[in-house]
Amino acid sequence: MQKINLSQIPEVEHKSPKGKFHSYYQGVSLALGRDDSSRDLDKRHPFDLEYNRIPPGGTNYPFHFHSAQWELYVVVSGRGLVRDDKGHTEVGPGDSFIFRPCEAHQLSNSGTEDFIYYVIADNPLGECCYYPDSKKWAVACETSGRKRIHDSAQVPYYEGEE
């Protein structure tokens, strides 16, 4: 059995240049040995667990959806607003919710204390993300493990193919 305590996992800050997007996470699965750059499913683990914290007034990431990834959320403390295609839903301690592939989502802190939650994701190979507000794609680069961001515009399926 592998075991780790959150107190042993460094907290990583994500903050956009203007501060609109601001959150912290602790990669529990990474601390337990998950190799997210490996194509070997035994090394990748079947799911990924993160402990996340959004400070008051913060938002985790731009509104986005994953092409193939499922995400399950469990709220630990604080108050949050979850944005999806239908609008905003308030969530609090004990609430759980799930996003399927291609369901856009975004979490914000709507309270005066930190909004804390766990997210469990299956992190499939070949995953990419779409950002509806800016019409950009984040596409995985197999050689570096990083995602590349591309602008996009909707075009007919066969445009540029014939």
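Scroll up to find the structure this text is about.
Just so we're clear, the structure is a prediction, and the values are computed from it rather than from any experiment.

Each value, and the rule that gives it
- Residues numbered from 1 in each chain as written.
- Predicted model: local features only at pLDDT ≥ 70, side-chain atom pairs only at ≥ 80, totals over all residues.
- Heavy atoms only, no water.
- Helix = DSSP H or I, 4+ residues; strand = E, 2+ residues; numbered from the N terminus.
- Buried < 20%, exposed > 50% of the residue type's maximum accessible area, 1.4 Å probe, protein only.
- Contact = heavy atoms within 4.5 Å.
- Areas by Shrake-Rupley, 256 points an atom, 1.4 Å probe, with all protein chains shown as cover.
- Pairing = 2+ DSSP bridges.
- Polar contact = N/O pair within 3.5 Å; in protein donor to acceptor, adjacent residues only side chain to side chain.
- Axes fitted to C-alpha atoms, helices over the stretch in contact; angles between N-to-C directions.

Below, the discussion takes up the overall build of the protein. On a plain count of helices and strands, the protein comes out with 2 helices and 13 strands. Within the protein, the fraction of its 162 residues that count as buried is 36%. Taking contacts inside the protein between residues at least 6 apart in sequence as the whole, the part at least 24 apart equals 60%. On the protein, roughly 10200 Å² of surface is accessible, and the fraction owed to carbon and sulfur atoms is 51%.

Moving on, we come to the pairing of strand β11 (residues 128-131). Every second residue of β11 is oriented toward a common face, with Cys 128 and Tyr 130 on one face and Cys 129 and Tyr 131 on the other, all of them buried. Examined bridge by bridge, strand β4 (residues 65-66) and β11 share 2 bridges and lie antiparallel to one another. Note that in β11 the partner of His 66 across the bridge is Cys 129. Pairing analysis gives 4 bridges linking β11 to strand β12 (residues 136-140), with the strands arranged antiparallel. Residue pairing in the sheet places Cys 129 in a bridge with Ala 138 of β12. Connecting β11 to the antiparallel partner β12 that follows it, the hairpin turn spans 4 residues, and Lys 135 within it adopts a positive phi of roughly 55°.

Along the chain, Gln 8 falls in the segment before β1 (12-15). The spacing of Gln 8 and Ala 31 is 23 residues in sequence and 8.6 Å in space, taken between C-alpha atoms. Only 2.7 Å separates the side chain of Gln 8 from the backbone nitrogen of Asn 5, close enough to count as a polar contact.

Before going further, it helps to examine the sheet that holds strand β9 (residues 106-109). On the basis of which strands lie adjacent, the open sheet formed by 3 strands has the order β7-β6-β9 and antiparallel pairing. Both outer strands of the open sheet, β7 (87-91) and β9, are each paired with one neighbouring strand and no more. When strand polarity is set aside, the average angle formed by the axes of neighbouring strands in this sheet is 25°. Here strand β6 (residues 80-84) pairs with β9 via 4 bridges, running antiparallel. When the sheet's bridge partners are listed, Gly 80 is paired in β9 with Asn 109.

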